[in-house]
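So you can see what is in the structure, the chains are spelled out below.
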Amino acid sequence: VELVESGGGLVQPGGSLRLSCAQVGSFFSVAYRGWYRQRPGQARELVAQILNDDDRRTEYADFAKGRSIITRDRATDTVYLQMNNLTPEDTAVYFCKVSAWIRRGSYLQDFWGQGTQVSVSS
């Protein structure tokens, strides 16, 4: 299974981006889909995640609350992250993560995309 992120790029402060994470292949079952980021010299951190079986159950990092929305398309197993009012502090590589079981009886595992660069600068 492969996770393919897209939508990153250069944006001006105050601007918006919509990141996409497409799933190529299938899991036995998925628990969560989420977005993480890694800023230069920093550890990877959660931005937002969504429960796969209930779109109403979402979790956001404090810095993302009020200006980010995570959604998913059930038909295509694609997860999106809409980010608004971006600041230079949001500059980072953004990673998609899926927590899933690859077969019946397997352990819950985390699967990561390759990351997409988001740069916020004037």
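1. Focus on the packing of aromatic side chains
Enumeration over the complete set of coordinates arrives at three aromatic pairs. Aromatic pair Tyr36 and Trp112: ring centres 5.1 Å apart, planes at 70°, arrangement edge-to-face. Linking Tyr36 in strand 4 (residues 29–38) with Trp112 in strand 10 (residues 109–112), this pair joins segments that are 76 residues apart in sequence. Judged by its relative accessible area of 15%, Tyr36 falls in the buried class. Residue Trp112 is classed as partly exposed on the basis of its relative accessible area, which comes to 35%. Between the aromatic rings of Phe95 and Trp112, the centroid separation amounts to 6.4 Å while the plane-to-plane angle is 85°, which identifies the pairing as edge-to-face. Of this pair, Phe95 sits in strand 9 (residues 92–101) while Trp112 sits in strand 10, and the two are 17 residues apart along the sequence. Each residue in the set Tyr36, Phe95 and Trp112 is aromatic and connected to the rest through ring pairs, giving one cluster. Here the basic side chain of Arg18 rests over the ring of Tyr80, its NZ or CZ set 3.9 Å away from the ring centre.

2. Let's talk about the side chain of Asn52
Within the secondary structure, Asn52 is located in the loop between strand 5 (44–51) and strand 6 (54–60). Here the side chain of Asn52 touches Arg33 through a polar contact of 2.7 Å, side chain to side chain. In this view, Asn52 contacts Val30, Ala31, Tyr32, Arg33, Arg72 and Arg74; residues no more than four positions away in its chain are not counted.

About the cut-offs
- Sequence order as written defines the numbering, with residues in each chain counted from 1.
- Confidence filtering applies because this is a predicted model: local features only for residues at pLDDT of at least 70, side-chain atom pairs given and counted only at 80 or more, and all residues used for totals across whole chains, interfaces and linings.
- To get the side-chain values, all heavy atoms of the structure are used, and hydrogens and water are removed first.
- Pairing of aromatic side chains requires ring centres within 6.5 Å, counting the rings of Phe and Tyr and the six-membered ring of Trp. Pairs whose planes differ by under 30 degrees are stacked, by over 60 edge-to-face, and all others tilted.
- Per the convention used, a helix needs a DSSP run of H or I reaching at least four residues, while a strand needs a run of E reaching at least two, with both numbered from the N terminus.
- A 1.4 Å probe rolled over the protein chains alone gives each residue an accessible area, and that area as a share of the maximum for its type sets the label: buried under 20%, exposed over 50%, partly exposed in between.
- Put simply, a charge is over a ring when the Lys NZ or the Arg CZ is close to the ring centre, within 6 Å, and near the line of the ring normal, within 35 degrees.
- We define a polar contact as two N or O atoms separated by no more than 3.5 Å, with the added condition that, inside protein, one atom must be a possible hydrogen donor and the other a possible acceptor, whereas residues neighbouring each other in sequence contribute only through side-chain atom pairs.
- Contacts: residue pairs with any heavy atoms within 4.5 Å of one another.

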